[in-house]
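Take a look at the letters that make up each chain.
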Amino acid sequence: MIFEEILNKVLKTNSLTENEILELLKTDKPQKLFAAADKVRKKNVGDEVHLRALIEFSNICKQNCLYCGLRRDNKKVDRYRLEPETIIDLAKKAKSYGYQTVVLQSGEDPYYTSDIMSQIISAIKKFDIAVTLSIGEKTFEEYKVYKDAGADRYLLRIETTDKDLYEKLDPQMSLENRKECIQNIKKLGYETGSGIIVGLPGQTLESIAKDILYLKSIPVDMAGIGPFILNPNTPLNDKVKSEKLKVELTANDQNNFELALKVMAILRLLMPDINIPATTAMETLNPDGRMIALQSGANVVMPNATEGEYRKLYELYPGKICVTDTPYKCRFCIESKINSIGRSISQGKGNSKSKEIL
Ligand code: 5AD
Ligand code: SF4
C-alpha cells in the first residue's frame, strides 16, 4: 500500500499492520503524517493542553541502564534525595501555581519504602491534586500500597520491546518482568502510562513498529515517546563512538527527533483518545520541540517543578532544558508558549479519555 492509502486506512479503522507502520515510519513526507495526527488530536481530545508538574525527588538509582546518566555506576553525578516533607511542599507549591497533577519521579531508590511513599502520596492527595508515580519496577504489593494511598497514575516506559536490545541495554533487568510490571499497574486500575526511547543504538525500525503495537495492545492510557540523546558519562558513549554496537539507525539527534515525532503521530492515529506528552527530550533536541510535538499529536506537557540545584543533578542526558529556572517561571513560560500556538491550558485534572470510557 502506498503512504496515502495507509493514512486513509488508519483514519477509518484506527488499526495498522506492522508493515504499514513501518511504511509510515519510513515516509519522507512526515508533514502529512503530523498534520493527520494533529487533526485526530483536535477531534478526539480537543485543544486543551494538560500540564503535569514534574518533581524529580531522587537521582539515586540501583539500576544500571547503559543509556542513562542516573545509572548506578556513573560516578560523575552528585546524588541527592529529597525528604518527604520537601516533596510534599513542592507538590503544594505546584498546586498553588494551578497544576492539577504532580508527577513524582525518581531513580529506583530503595530509601523510599512503601511506607514512606504512601505517607507522601496521602499527604499530597489532601491538596486535591492527581498523583502520578514514575519510580520504576516494584512488586504487585508495592504498586497496590501506592494505589491504596491514593496514587492515580503510573508511568513505566517499556523503553524497547526488542528483548535482546532491552537486556543488553538494561543489564540485570528483564523484558518479561518489565511487561509484568506494566500488566500489574493496569490490573490495579492505575491510568497506565508507558512509552519508548527512539533512536537507541542497535534499535531497528521493525522493532519500533512492534513497540507501537505493544503500546496499543496494553492498551496504554498515556504514551511518552522520547528521542535518545547520547550521554557522554555512560558506557554507550564509547560503544556508539567505536561502533561496536550495530547502529542500524543513524545515532543522529535530528533523525531521532523526527523519528520520535513520527512514532508519536502514529500512536495518536492508532489511539485517538489517549494522553500523549510533548516530551522534554524533544525540546532538548529542538528549541521548539514541545510546540512542534503539540502540533503533531501531543496534548500534554510536563514542566519541571523541582527546585534549585537538583534540576541540574537529575541529568538523564546532557543539554536538559530549563535547569536554571524556577518552577514558577516554567509554569508561566509554558503557558505563554502554548497560548502562542492557539491552544489553552486545561483547568481539569486531564484524566485520560481512554480511561473515562472504560
Ligand atoms: N536519552 C533519552 N531518554 C532517556 N531516558 C533515560 N536516559 C535517556 C537518554 N540518554 C529516559 C528513559 C526513562 C526516562 C525517565 O528517561 O526512557 O524511562
Ligand atoms: Fe535508573 Fe531509570 Fe535511569 Fe534505568 S533509566 S538507570 S532505572 S533512572
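Our subject is the structure that appears above.
This report concerns the structure included in the present document. (Residues numbered from 1 in each chain as written. Chains lettered and ligands numbered in written order. Predicted model: local features only at pLDDT ≥ 70, side-chain atom pairs only at ≥ 80, totals over all residues. Heavy atoms only, no water.)

1. Remarks on the sheet that holds strand β7 (residues 222-227)
If you walk across this open sheet you meet the six strands as β2-β3-β4-β5-β6-β7, and the pairing is parallel. Two strands bound the open sheet, and with one partner strand each, they are β2 (53-58) and β7. The sheet shows a mean angle of 20 degrees between the axes of neighbouring strands, taken without regard to direction. Sheet topology note: the strand β5 (residues 153-155)/strand β6 (residues 191-198) ladder contains three bridges and is parallel. (Pairing = 2+ DSSP bridges. Helix = DSSP H or I, 4+ residues; strand = E, 2+ residues; numbered from the N terminus. Axes fitted to C-alpha atoms, helices over the stretch in contact; angles between N-to-C directions.)

2. Topic: the site of ligand 1
What surrounds ligand 1 is the set Tyr67, Cys68, Gln105, Arg157, Glu159, Ile197, Pro227, Phe228, Ile229, Leu316 and Tyr317. Contacts to ligand 1 include tyrosine 67, whose backbone N or O atom sits 2.9 Å from a nitrogen atom. Note that an oxygen atom of ligand 1 is positioned 2.5 Å from one of the side-chain N or O atoms of glutamate 159. Calculation on ligand 1 without its partners gives an accessible area of 410 Å², and the protein chains cover 88% of this total. Taken together, the residues of the shell around ligand 1 sort by class into eight nonpolar, one polar and two charged. (Near = heavy atom within 4 Å. Polar contact = N/O pair within 3.5 Å; in protein donor to acceptor, adjacent residues only side chain to side chain. Areas by Shrake-Rupley, 256 points an atom, 1.4 Å probe, with all protein chains shown as cover. Nonpolar A, V, L, I, M, F, W, Y, C, P; charged D, E, K, R; others polar.)

3. Re unusual backbone geometry
A cis amide bond links isoleucine 218 to the next residue, proline 219, at an omega of -20 degrees. Within the fold, proline 219 resides in the loop between α9 (205-217) and β7. For glutamate 159, which is not glycine, the phi dihedral falls at a positive 70 degrees. Here glutamate 159 falls in the buried class, since its relative accessible area comes to 12%. (Buried < 20%, exposed > 50% of the residue type's maximum accessible area, 1.4 Å probe, protein only.)

4. Observations concerning the nonpolar core
Soluble, globular proteins show a tendency: their nonpolar side chains are buried together. With 109 residues, the main nonpolar core has Leu25, Val102, Leu104, Met117, Ile124, Leu133 and Tyr146 as its most contacted residues. Residue contributions to this core peak at eleven residues, all from helix α11 (residues 253-270). Apart from residues lying up to four places away in sequence, valine 102 is in contact with Ala53, Ile55, Ala91, Ala94, Ile124, Ile129, Ala130, Val131 and Thr132. (Core = buried A, V, L, I, M, F, W, Y, C linked by side-chain atoms within 4.5 Å. Contact = heavy atoms within 4.5 Å.)

5. So, helix α1 (residues 3-13)
Where α1 is concerned, the buried positions are Phe3, Ile6, Leu7 and Val10. Seen from one end, α1 has its buried residues packed into an arc of 100 degrees, which puts them on one side. Residues of α1 that are buried make contact with α2 (18-26), α3 (30-45) and α11. Asparagine 14 lies just past α1 and shows a positive phi near 55 degrees. (Arc of directions from axis to C-beta.)

6. Side note on helix α8 (residues 175-187)
The terminal C-alpha atoms of α8, which comprises 13 residues, lie 18 Å apart, in line with the 18 Å expected from a rise of 1.5 Å per residue. If you check which residues of α8 are buried, you get Leu175, Arg178, Cys181, Ile182, Asn184, Ile185 and Lys186. Residues of α8 that are buried make contact with α6 (140-149), β5, α7 (163-169), β6 and α9. (Expected span 1.5 Å × (residues − 1).)

7. Quick look at the sheet that holds strand β9 (residues 300-301)
Sheets are built from strands paired through backbone hydrogen bonds, the pairs being either parallel or antiparallel. Read from one edge to the other, the open sheet built from four strands follows the order β8-β9-β1-β10, with strand pairing classed as parallel. Whereas interior strands pair on both sides, the edge strands pair on one side only; in this sheet they are β8 (277-278) and β10 (344-345). Alignment of strand β1 (residues 48-51) against β10, held across two bridges, turns out to be parallel. Bridged to glutamate 48 within β10 is serine 344.

8. Some details on the pattern of salt bridges
One pass over the full model with this rule turns up 25 salt bridges. As a salt-bridge pair, glutamate 4 and lysine 29 come within 3.4 Å of each other at their nearest N and O atoms. Pair noted here: glutamate 4 is in helix α1 and lysine 29 is in the loop between α2 and α3, with a separation of 25 residues, a long-range link. The partner of aspartate 38 in a salt bridge is arginine 41, with the nearest N and O atoms 2.8 Å apart. Of this pair, aspartate 38 and arginine 41 are both found in helix α3, three residues apart, which corresponds to roughly one turn of the helix. Classification of arginine 41 by relative accessible area gives buried; the value is 3%. (Salt bridge = Lys/Arg side-chain N within 4 Å of Asp/Glu carboxyl O.)

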